[in-house]
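# Secondary and tertiary structure notes
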Amino acid sequence: MQPEPVRYAWNGDISLAYQVFGNGPIDLLVYFGYMSNLDVQWESPYLSSFLRRLAEGARVIVTDRRGWGCSDRFSPTEVPSLETLAADLPVVLEAAGSERAVVLATMESGMIAQFLAASEPKRVAGLILLDSMVSWSSTPETPWMPDSSWWETNIFDDLRASWGVSWTHGVTTVADDRRELDWYLRYQRACEAPGAMVAEQRRFLESSTAGVLAAIHAPTLVLSVRESETGMVFQRKTSRYLAEHIVGATLVELDCDDQLWWYEPADRIAEEVQRFLGGVTDERALLDRVLATVLFTDIVASTERAAELGDRAWKGVVEQHHALVRNLLARFQGTEVDTAGDGFFATFDGPGRAIRCAQAISTAAASAGLLVRAGIHTGECELIDGKVGGISVVVGARVVALAEPGDVLVTRTVKDLVAGSGVIFEPRGEHILKGLPERWELYAAAAGTSRAVEAEPAG
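Summarised in this report is the structure supplied together with it. (Residues numbered from 1 in each chain as written. Predicted model: local features only at pLDDT ≥ 70, side-chain atom pairs only at ≥ 80, totals over all residues. Heavy atoms only, no water.)

## Quick notes on the overall build of the chain
How we decide: Think of it this way: any DSSP run of H or I at least four residues long counts as a helix, any run of E at least two long counts as a strand, and we number them from the N terminus. Put simply, the radius of gyration uses C-alpha atoms, and a globule should come to 2.2 Å times the residue count raised to 0.38. Only heavy atoms enter the contact rule, under which two residues are in contact if any of them lie within 4.5 Å. Each accessible area value is a Shrake-Rupley result obtained with a 1.4 Å probe; residue values ignore everything except the protein chains displayed when judging cover. By the counting rule applied here, Lys and Arg register as positive and Asp and Glu as negative, while His and the ends of each chain are not counted. For the purpose of locating charges, the reference atoms are NZ of Lys, CZ of Arg, CG of Asp and CD of Glu.
Of regular secondary structure, the chain possesses 13 helices and 16 strands. For 459 residues, the compact-globule estimate of 2.2 N^0.38 gives 23 Å, and the chain sits close to it at 23 Å. Overall, the chain is about 85 × 45 × 40 Å in size when its C-alpha atoms are taken along their principal axes. Considering only residue pairs separated by 6 or more positions, the chain has 75% of its internal contacts joining residues 24 or more positions apart. Just so you have it, the chain exposes about 18700 Å², and 50% of that area is on carbon and sulfur atoms. For the chain, the centre of its 41 positive side-chain charges and the centre of its 63 negative side-chain charges are spaced 3 Å apart.

Pasting the structure below:
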């Protein structure tokens, strides 16, 4: 079995490399973390054998992540956000002729797959998370993770010194295979340069998908390879956390000597994947819950302005405001849910667009002599008569009520998901939201800090 030639899908001006091989009854999208290059991966007898094993029961679609391998690269100063990377995957699936697929993702790419499964449930028939991450740094949800100084000292310094140059991994399977070790270093160099790798991993230190796990309802297999004694000793705890917080997830822990999955663990991983794929059907659950980003806006001091201007003049101001908000919602692919007086309630399929839309609304309103405040939250929402509802909507409404004039106020979940988008956040402390349990960390998105490269949705 030989893979098809490398082909390209296009998300706007960004080219995304992919290959297709195998002809099984179900589509399997393979999304490697850590490194990937569609051309070079086939030169390793170990990795190519692992990929062929996956294709024994599936039609496999494998893609290089944006910034890696044969896909378009980025500079170390333009690291894309989780939202941007997740938006690439449906584009690849469509180009490969796949309407719906099981997604197998490893390491940090697992975070992108989690976001996709939560936000695009119609696209994801199942989820396989192999040594996947939730957050790379210590958070209230993942206190076992190290802090940024540990990463700088133990990982990033080593990456800068050894990436693509010297072998530092104690992989016992190929310890005496000089040809494979040389290939591995070339594979690293063919993925991306060390500066871009360090920049990207630093971005993941600011990201977390803990807030989206409850919205994943696809059948999920969590695979964990034995912890490395000298490496990332936190992966097993993270895998257990994933299995506990994704509804119905199955956890399989493998006790293997090699951390890299295409060496000694490969056959056992492939067996677990094939077993999982055999139980996945194309029956689609009734999707009455979905991950969504909710945006609430309102005009500050509207009552006072209405009294000052009079009913007729104020009506004209409100109509002008409504027109500009609706224009910007269309521009940033938001969906208007409700309008009450001078406020708007809208939803987005990603938090980055919601922030950029809110910033644009604030700027446009200010030019019309109005002050607008906005509140944003991302979470699982219930679909009620085609409209979103539930606790996440309540959170968004409570957040806007705490916003100052001109603020775009967001929850920590939103901040964690848009790391890499260029948005700068100012901490606004912990707050009790009326009628809701626990305390909520809130942040204000600084005006005009979204990168120009992500200022418009791709399409």
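Alright, that's what it looks like, and here's the rest.
## A few points about the sheet that holds strand β7 (residues 220-225)
Applicable threshold: Criterion used throughout: strands pair if DSSP finds at least two bridges between them. Think of each axis as a best-fit line through the C-alpha atoms, taken over the contacting stretch in the case of a helix, with angles from 0 to 180 degrees between the N-to-C directions.
Spatial strand order, β1-β2-β4-β3-β5-β6-β7-β8: 8 strands in an open sheet with mixed pairing. Edge positions in the open sheet fall to β1 (7-11) and β8 (250-254), since each of these has one partner strand only. For this sheet, the mean inter-axis angle between neighbouring strands, taken without regard to orientation, is 25°. In this sheet, strand β6 (residues 124-130) lies alongside strand β5 (residues 101-106) in parallel orientation, the contact comprising 6 bridges. Within the sheet, the bridge partner assigned to Leu104 lies in β6 and is Ile128. Against the sheet, helix α2 (residues 82-95) engages β1, β2 (14-21), β3 (27-31), β4 (59-63) and β5, with an angle of about 130° to β1.

## A look at unusual backbone geometry
What counts here: Partly exposed residues are those whose accessible area sits between 20% and 50% of the maximum for their type, while under 20% is buried and over 50% is exposed, using a 1.4 Å probe and protein chains only.
If you check the backbone angles, Met107 has positive phi at about 50° while not being a glycine. Turning to its location among the elements, Met107 is positioned in the loop between β5 and α3 (109-119). For Met107, a relative accessible area of 8% gives the class buried. Within the chain, Asp131 stands out as a residue other than glycine whose phi angle is a positive 45°. Along the chain, Asp131 turns up in the loop between β6 and α4 (148-162).

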